[in-house]
Amino acid sequence: MDTKKNNFSFMSEINVTPLVDVMLVLLIIFMITANMMQQGVDVNLPETEKAKSLNKKEDTIILTINTKKEVFIDEAKVNLKQLKVKLSKIIENRENRDIFLKADKEIPYGFVVKVMAEIKDAGIKKLGMVTDAL
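Throughout what follows, the structure given in this document is the object of discussion. What you see is a predicted model; the values in this text were computed from it and never measured.

**A few points about the pattern of salt bridges**
Moving on, step 1. Enumeration over the complete set of coordinates arrives at one salt bridge.
Moving on, step 2. A salt bridge links E70 to K77; its shortest N-O distance comes to 3.0 Å.
Moving on, step 3. Classification of K77 as exposed rests on a relative accessible area of 55%.

**Considering the side chain of N66**
Moving on, step 1. Inspection of the secondary structure assignment puts N66 in the loop between β2 (61-65) and β3 (71-73).
Moving on, step 2. Given a relative accessible area of 9%, N66 falls into the buried group.
Moving on, step 3. A polar contact of 3.1 Å, which involves the side chain of N66, links it to the backbone nitrogen of K68.

**Structural notes on the packing of helix α2 (residues 83-91) against helix α3 (residues 109-121)**
Moving on, step 1. α3 packs onto α2 with a crossing angle of 40° between their chain directions and a minimal axis gap of 8 Å. By the angle between their directions, the pair α2 and α3 is classed as oblique. Between α2 and α3 the crossing geometry is right-handed. Here α2 contributes L83, K84 and L87 to the contact with α3, which in turn contributes V115, E118, I119 and D121.
Moving on, step 2. Within the contact of α2 with α3, the residues separate by chemical class into four nonpolar, no polar and three charged.

**Concerning the pairing of strand β5 (residues 99-103)**
Moving on, step 1. Counting buried residues along β5, four of its five residues qualify, which places the element largely inside the surrounding structure.
Moving on, step 2. In this sheet, strand β6 (residues 127-129) lies alongside β5 in parallel orientation, the contact comprising three bridges. In the strand pairing of β6, L101 is matched with M129.
Moving on, step 3. This β-α-β element, β5 to α3 to β6, shows right-handed connectivity.

**Some words on the pairing of β2**
Moving on, step 1. Along β2, five of the five residues are buried, which leaves the element largely enclosed by surrounding structure.
Moving on, step 2. Side chains I61, L63 and I65 of β2 all project onto a buried face; the interleaved residues I62 and T64 project onto the opposite face, where all are buried too.
Moving on, step 3. In this sheet, β3 lies alongside β2 in antiparallel orientation, the contact comprising three bridges. Among the inter-strand pairings, L63 is bridged to a residue of β3, identified as I73.
Moving on, step 4. Between β2 and β3, which pair antiparallel one after the other, the connecting turn spans five residues, and K69 there sits at a positive phi close to 60°.

About the thresholds
- Residues numbered from 1 in each chain as written.
- Predicted model: local features only at pLDDT ≥ 70, side-chain atom pairs only at ≥ 80, totals over all residues.
- Heavy atoms only, no water.
- Salt bridge = Lys/Arg side-chain N within 4 Å of Asp/Glu carboxyl O.
- Buried < 20%, exposed > 50% of the residue type's maximum accessible area, 1.4 Å probe, protein only.
- Helix = DSSP H or I, 4+ residues; strand = E, 2+ residues; numbered from the N terminus.
- Polar contact = N/O pair within 3.5 Å; in protein donor to acceptor, adjacent residues only side chain to side chain.
- Axes fitted to C-alpha atoms, helices over the stretch in contact; angles between N-to-C directions.
- Parallel < 35°, antiparallel > 145°, perpendicular 65-115°, else oblique.
- Left-handed = near helix turned anticlockwise from the far one by under 90°.
- Contact = heavy atoms within 4.5 Å.
- Nonpolar A, V, L, I, M, F, W, Y, C, P; charged D, E, K, R; others polar.
- Pairing = 2+ DSSP bridges.
- Right-handed = clockwise from strand over helix to strand, strands pointing away.

Next comes the structure, spelled out in structure tokens:
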């Protein structure tokens, strides 16, 4: 009788190629969508040496003025004449009544002051100016 020994060995290597492929695809997807996640209206902000980053909270209001002198509350376009009324309605039920103003550096100072006057007339006490770091 002929007896043969079965020499089976287990493969102890893990094929990581599919894992690397999936991770690279996810990395590319995240790199592309990260640029799209920035919200708001695109403005060219003035630069200062000691600019702090804006930490947007859920109840923070960002008012933006672009180069065409269009005013936006967060991302909704608002007429300057309606700004006071709309801001008053927005802040009446909020605890946090802070507003951050992002104005393009090409906007005349007089127009920015008009917007700031409307903000003050709406009952807002704290107004922060957003700038870019040098």
